[in-house]
Amino acid sequence: MRRTGWIAAAVALAIAAGGAGTWLIGGPTAPPRDLTDLTGDVNRGAYVARLAGCIPCHTDSEAGGAVLAGGGPLKTEFGIFYGPNITPHETDGVGAWTLEQFAAAVTEGRAPDGSHYYPSFPYAFYTRLSDQDIVDLWAAVRSVPAVEGRAPPHDLAFPYTVRAGLGAWKRLYLDPEPAPADWPRGRYLAEVAHCGACHTPRTALGGRDADRRFAGAPTPGGGTIPAITGAALTEAGWTVEDLAYSLVSGVKPDGDVYGGAMARVVQGGTQFWSATDRDALAVYLFEGALGAPITEGETQ
Amino acid sequence: MTDHHRRPRLAALGLWAGAGGAAAVLAAGLGGGAVAHVGATGVVKERMDLMMEIGDATKAIADMLRGTQPYDAERMRAMARRIEGHGGEAMTSLFPDGSLDHPSEALPAIWTEWERFERLADLMADQAGALARAADNPRGPMQRGGGMMGGSGIMSGSGMMGGGMMGGGGPSAEDLAAMPPDAAFRHLAQTCSACHEAYREEQ
């Protein structure tokens, strides 16, 4: 069951639709954020980078690459992506960018030249980041040494090479809104850490199924990524404490350890979280109203 | 620099999808799905049993470190020694070339990257031995930085990305043996995960 059709369809739609095509190609715009009065903090930003998992995708640690200087290959069925160099290098990184351009990239998937980023860069989740977290992230990104050199170009097959089609995808699936202030911390963390990227199933068109958040998802190979709702985890014998402990140790309650993509999530992210944040996420997954649509800011 | 360093990261699977793309991310080398332990025979059954014993010992250790069971240094040593004894050659000898009979979750990459697989099995044994020696050390936090990054900023990145994960670069057995058992255990568990990430199917 392949669901690659959407992007081809989106490209065709955008090309065929004339005036409407311009609207589609343009993609949605996030509500303006006024970041001018905020001051970024490097250490807090480094911590936000851990919450959001920025570093593994933008650092080729397996090849000994410098931090944020460009990631190793990210293989998908559309082809291979490479997280670009986002060190403050003037020409090869983001050294010449403004804070506003950085915010548009991270929360809207929009490049300084107005083109769209591929959703392999999980901006559909980062759109929930708070203003302060974005400003802190920017301070952290700017604090690393500038490194010369670019990651290899993505290696994609047509029609995925056509970025204009992404505007249509974004119209369908990107809901660029910061998290409502009344979200519990755990819910905010679940979004920023994009747990749903792997654990939420898709609709036929390839968007995340908002009614079945964290309900588990099939892998193309016929396996399953497990459900992580409180109900499912409870049935599998997990407690809130088990979940929180597994996020720092990688050890599941039965003495087995995480493998696959989940090993990376712990290794590159959750093992660095504060105990308070791990607990908050675990409590939210167990007790939050997970069935509710993503845009509704319920407090649980 | 060997080949596996450029191996595309399975970690990335799903992230494209996650960002809302398509569910059908390419699962290079994945497949099969959940397979029950039942029905295994021969060497596949033997190694599954070995891993189950490692898992049981790991659970006993984790329970003591988490405080769901009282901490007992004697028991800690015994469990760590059991894991040590199941590592190295005791483990790798149960993975003869191409032994993938159903319902094995092992991946064929084991035999194309045999040296690295062996290295991880050895590392697990060394780290478990070090944990046994750390059993009487004062207890301490599991995490290095404990949440916030303690002023080191994003640059502690190199360490955080886990040299230990690749079976190089982590602390030596001597260093581990001097740590609180909590911290030593974390390094051991990372080695389990590193091997599973590369050489065992996702369930």
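Worth saying up front: this structure is predicted, and the values here are computed from it rather than measured.

Caption draft 1: Representation of the packing of aromatic side chains. Residues and elements named next belong to chain A. One pass over the structure, following the stated rule, counts 9 aromatic pairs over all chains. Grouped by ring-pair contacts, the aromatic residues Tyr117, Phe121, Tyr123, Tyr126 and Trp169 constitute a single cluster. Geometry around Phe272 places Arg50 over its ring, the cationic atom sitting 4.1 Å from the centre.

Caption draft 2: Spotlight on the packing of helix α5 (residues 99-108) of chain A against helix α7 (residues 131-143) of chain A. Residue and element names in this part refer to chain A. Remark: α5 packs on α7, axes separated minimally by 10 Å, with the N-to-C direction vectors making an angle of 110 degrees. Taken together, the axes of α5 and α7 are roughly perpendicular relative to one another. With respect to the hand of their crossing, α5 and α7 are arranged in right-handed fashion. Listed contacts from α7 to Leu99, Phe102, Ala103 and Thr107 of α5 are Ile134, Val135, Leu137, Trp138 and Val141. Classifying every residue of the contact of α5 with α7 by side-chain character gives 8 nonpolar, 1 polar and no charged.

Caption draft 3: Molecular detail of empty space enclosed by the protein. Counted by the stated rule, this structure contains 5 cavities of 30 Å³ or more. What the largest cavity holds in volume is close to 70 Å³. Mapped by element, the contributors of at least two residues to the lining of the largest cavity are α12 (240-249) and α13 (260-268) of chain A together with α9 (181-199) of chain B. Taken together, the residues of the lining of the largest cavity sort by class into 5 nonpolar, 6 polar and no charged.

Caption draft 4: Here's a closer look at the sheet that holds strand β2 (residues 79-82) of chain A. All names here are of chain A. Spatially, β1-β2-β3 is the arrangement adopted by the 3 strands of the open sheet, whose pairing is antiparallel. Every other strand in the sheet has two partners, leaving β1 (73-76) and β3 (155-156) as the edge strands with one partner each. The pairing of β1 with β2 spans 4 bridges and is classified as antiparallel. Its bridge partner being in β2, Lys75 is matched across the sheet by Ile80.

Caption draft 5: Broad picture of the nonpolar core. All names here are of chain A. Among the nonpolar cores identified, the biggest contains 53 residues, and Leu129, Leu243 and Leu281 are the most heavily contacted of them. Ranked by the residues each element gives to this core, the list is headed by helix α14 (residues 275-287), at 6 residues. Excluding anything up to four places from it in sequence, Leu129 contacts Arg33, Val48, Val106, Ile134, Leu137, Pro178, Tyr188 and Val192.

Caption draft 6: Region of interest: the pattern of salt bridges. Residue and element names in this part refer to chain A. A complete count under the given rule lists 20 salt bridges over all chains for this structure. A salt bridge links Glu108 to Arg110; its shortest N-O distance comes to 3.0 Å. Owing to a relative accessible area of 9%, Glu108 belongs among the buried residues under this scheme. Relative accessible area serves as the criterion here: at 18%, Arg110 is assigned to the buried category. Measuring nitrogen to oxygen at the nearest pair gives 3.5 Å for the salt bridge that ties Arg128 to Glu191. Taken together, the residues span a long stretch of sequence, with Arg128 in the loop between α6 (123-126) and α7 and Glu191 in helix α9 (residues 185-192) at a distance of 63 residues. As far as the burial class goes, Arg128 and Glu191 line up, both buried. The network of salt bridges with shared partners includes Arg128, Asp175, Glu191 and Arg213.

Caption draft 7: Focus on the layout of surface pockets. All names here are of chain A. Estimated volume of the second largest pocket: approximately 940 Å³. Surrounding the second largest pocket, 44 residues form its lining, His58, Gly83, Pro84, Ile86 and Tyr117 being those nearest its centre. Across the lining of the second largest pocket, the residue classes break down as 30 nonpolar, 10 polar and 4 charged.

The rules behind each value
Residues numbered from 1 in each chain as written. Chains lettered and ligands numbered in written order. Predicted model: local features only at pLDDT ≥ 70, side-chain atom pairs only at ≥ 80, totals over all residues. Heavy atoms only, no water. Phe/Tyr/Trp six-rings, centres within 6.5 Å; stacked < 30°, edge-to-face > 60°. Lys NZ or Arg CZ within 6 Å of the ring centre and 35° of its normal. Axes fitted to C-alpha atoms, helices over the stretch in contact; angles between N-to-C directions. Helix = DSSP H or I, 4+ residues; strand = E, 2+ residues; numbered from the N terminus. Parallel < 35°, antiparallel > 145°, perpendicular 65-115°, else oblique. Left-handed = near helix turned anticlockwise from the far one by under 90°. Contact = heavy atoms within 4.5 Å. Nonpolar A, V, L, I, M, F, W, Y, C, P; charged D, E, K, R; others polar. 1 Å grid on protein atoms, 1.4 Å probe; cavity = no way out; pocket = protein on both sides within 12 Å on 5 of 7 lines; lining within 4 Å. Points joined across faces, edges and corners; volume = space filled by probe spheres on them. Pairing = 2+ DSSP bridges. Core = buried A, V, L, I, M, F, W, Y, C linked by side-chain atoms within 4.5 Å. Buried < 20%, exposed > 50% of the residue type's maximum accessible area, 1.4 Å probe, protein only. Salt bridge = Lys/Arg side-chain N within 4 Å of Asp/Glu carboxyl O.

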